[in-house]
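# Residue-level structure breakdown
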Amino acid sequence: MSASTLPPIMGTYGRFPITLVEGKGTEVFDDKGQRYLDFLGGISVLPLGHAPDAPLKTLIEQANKLWHVSNLYHIQPQQDLAQKLVDSSCFDQVFFCNSGTEAVEAALKLARISSEKSHGKSRSTFVAMNKSFHGRSFGSLSVTGQESYQAPFRPLVPEVRFADFGDIASLKEQMADDVAAVIMEPMQAEGGLNMPPEGYLAEVRKICDEHGALLIYDEVQVGIGRLGSLFAYQLFGVEPDIMTLAKGLGGGFPIGACLAKAEISQHFVPGTHASTFGGNPLASATALAVLNAIEDGDVIEKSQAKAKTIEDFMAKACAKIDGALEPRGKGMLQGIRFDKPVLPLLNHCLEAGLLVGMAGPNTLRIAPALNTPDDLLEEGLNVLFTCIEKFSS
Ligand SMILES: Cc1ncc(COP(=O)(O)O)c(C=O)c1O
């Protein structure tokens, strides 16, 4: 292809052939006026759906006041958001950035620097999980346990070892006194919606403590109410030392965060880490409004019944349809593992006016808004069932 025939955007995405222009709640519209039910939510990004009322109002008000000043000055919305996150979690301090991969970078750097301070010498090794996904920058890619993502970019950050998610013996094999931290998603999302086995996360915590290693939970995808509690660690009852957030935090406005307990976070001092845009007034004000709207509307509590409806649907589909092997995931992040690649299913759904995604080649993923109205949930699931039948016939 000559330079003149190349499209102006680099080819990193395989895009579906529609152009989306407008959305409200669970509905989104393309440039031809065609309506879609959005059951993917910008890939687990929209806890309140498109353009939720209160955060939208806050965003517009903030846009009229102040967009950007850098982190050389205090920013009240950022202070307020940090306080809200600290008050709602087991963590003491927050570092703000703009995306999931940056939140993971911050977590890795914080674990390294704090391991040096607490052990007298730097521990440089990270233990990560096979089938994990932590992002595309070099640090986060280096702890992403998927060969296809890593292979084109070697050499990566050195001294990363991988264990099998859900397998304590495999973790024990990788642990030694050179490990700064274990990094994991408490439920693996991109890698196939893999739930941790009963008791596994508590065992991981114990092993980290025995080796003086920190435990990092990447909650970029499973945080902000996705699994049925504000943070996934609360659901599983195991506290990490460091946690990352992004996706749902801004309700669609880009923001990422790395949260940590005081004995760790104190090692980030001026000069150790930074982000020009991180926690800017627009992102912070909007994210705070998202958290408040979730809380004020009892959104997570009310999503439990919707999650149960989805769970029942997934179980029914697996029971009735050959090739639908097993339900995956939890809460408002669920899917089905099939006996073949699901891309054609995604296309059937698109044609039928439903946006869904995948988590690995053979697993369907849906991540609808936590407050999806019941009638739209039912409508979308009916469409999905018809499309699964067509796909599997
Ligand atoms: C668990 C997890 N961590 C990190 C990331 C990277 O986030 P971002 O694309 O915002 O950099 C993702 C993205 O899917 C994710 O699922």
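The rules behind the values
Residues numbered from 1 in each chain as written. Predicted model: local features only at pLDDT ≥ 70, side-chain atom pairs only at ≥ 80, totals over all residues. Heavy atoms only, no water. Axes fitted to C-alpha atoms, helices over the stretch in contact; angles between N-to-C directions. Helix = DSSP H or I, 4+ residues; strand = E, 2+ residues; numbered from the N terminus. Parallel < 35°, antiparallel > 145°, perpendicular 65-115°, else oblique. Left-handed = near helix turned anticlockwise from the far one by under 90°. Contact = heavy atoms within 4.5 Å. Nonpolar A, V, L, I, M, F, W, Y, C, P; charged D, E, K, R; others polar. 1 Å grid on protein atoms, 1.4 Å probe; cavity = no way out; pocket = protein on both sides within 12 Å on 5 of 7 lines; lining within 4 Å. Points joined across faces, edges and corners; volume = space filled by probe spheres on them. Pairing = 2+ DSSP bridges. Core = buried A, V, L, I, M, F, W, Y, C linked by side-chain atoms within 4.5 Å. Buried < 20%, exposed > 50% of the residue type's maximum accessible area, 1.4 Å probe, protein only. Domains from an automatic or database assignment. Patch = residues over 30% accessible without salt bridge, like charges linked within 9 Å, V, L, I, M, F, W, Y side chains within 5 Å. Areas by Shrake-Rupley, 256 points an atom, 1.4 Å probe, with all protein chains shown as cover. Salt bridge = Lys/Arg side-chain N within 4 Å of Asp/Glu carboxyl O. Near = heavy atom within 4 Å. Polar contact = N/O pair within 3.5 Å; in protein donor to acceptor, adjacent residues only side chain to side chain. Buried area = accessible area lost by both parts, 1.4 Å probe.

Let us now look at the packing of helix H2 (residues 53–63) against helix H11 (residues 281–296). One can describe the packing of H2 onto H11 by two numbers: an axis separation of 8 Å at closest approach and a directional angle of 155°. Here H11 runs roughly antiparallel to H2, going by the angle between their axes. Judged by the twist between their axes, the crossing of H2 over H11 is right-handed. Residue-level inspection shows Ala54, Pro55, Thr58, Leu59, Gln62 and Ala63 of H2 in contact with H11, the latter providing Pro281, Leu282, Ala285, Thr286, Ala289, Val290 and Ala293. Split by residue class, the contact of H2 with H11 holds ten nonpolar, three polar and no charged.

Put simply, the second largest pocket is a space of about 880 Å³. Lining the second largest pocket we find 29 residues, and of these Asn71, Gln78, Val94, Phe95 and Phe96 sit closest to its centre. Counting only elements with at least two residues in the lining of the second largest pocket, the list comes to helix H3 (76–88), strand E4 (93–97) and strand E10 (256–260). Per-element accounting of the lining of the second largest pocket gives the leading share, five residues, to H3. Residues belonging to the lining of the second largest pocket are distributed by class as follows: 15 nonpolar, 13 polar and one charged.

For the rest of this paragraph, the subject is the sheet that holds strand E13 (residues 354–355). Ordered by their spatial adjacency, four strands build an open sheet running E1-E2-E3-E13, and the pairing between neighbours is mixed. Looking at strand neighbours, the two that pair on one side only are strand E1 (20–24) and E13, the edges of this open sheet. The sheet contact formed by strand E3 (residues 35–38) and E13 spans two bridges and is parallel. Within E13, the position partnered with leucine 37 by the bridge is leucine 354.

Moving on, we get to the nonpolar core. Soluble globular proteins: nonpolar side chains tend toward being buried together. Grouped together as the largest cluster of nonpolar side chains are 75 residues, with contacts concentrated most on Leu384 and Ile388. Each of domain 1 (3–52 + 298–392) and domain 2 (53–296) contributes no fewer than three residues to this core. Those residues in contact with leucine 384, other than ones at most four positions away along the chain, are Phe313, Cys349, Leu354, Val356, Leu364 and Ile366. With 23 residues, the next largest nonpolar core counts Ala107, Ile183, Cys258 and Ala260 among its residues.

With that out of the way, let us pick up a nonpolar patch on the surface. Residues Phe16, Leu343 and Met358 make up a contiguous nonpolar surface patch of roughly 230 Å² in combined accessible area. Along the polypeptide, leucine 343 turns up in helix H13 (residues 343–351).

Around the ligand sit Ser99, Gly100, Thr101, Phe133, His134, Gly135, Glu185, Glu190, Asp218, Val220, Gln221 and Lys247, and that is every residue in its neighbourhood. Contact distances for the ligand include 2.8 Å between an oxygen atom and a backbone N or O atom of threonine 101. Between the ligand and lysine 247 there is a distance of 3.3 Å, counted from an oxygen atom to a side-chain nitrogen or oxygen.

This part is about the domain arrangement of the protein chain. One frequent convention defines the size of an interface as the accessible area lost when the parts assemble. Per the domain assignment, the segments of the protein chain are domain 1 (3–52 + 298–392) and domain 2 (53–296). Just the C-alpha atoms count here: the centres of domain 1 and domain 2 sit 25 Å apart. With 31 residues of domain 1 at the contact, the number on the domain 2 side is 31 residues. Where domain 1 abuts domain 2, roughly 2,300 Å² becomes buried across the two surfaces, and 59% of that area is made up of carbon and sulfur atoms. Summed over the three residues of domain 1 that lose the most area to domain 2, namely Pro52, Ile300 and Lys330, the buried surface amounts to 24% of that side. The tally of links from domain 1 across to domain 2 stands at two salt bridges. Between lysine 24 and aspartate 53 there is a salt bridge; the shortest N-O distance is 2.8 Å. Taken together, domain 1 and domain 2 are joined by 19 residue pairs in polar contact (both at pLDDT 80 or more). Within the residue set of the side of domain 1 that touches domain 2, elements represented by two or more residues are helix H1 (41–44), helix H12 (299–320), strand E11 (324–330), strand E12 (333–338) and strand E15 (363–366).

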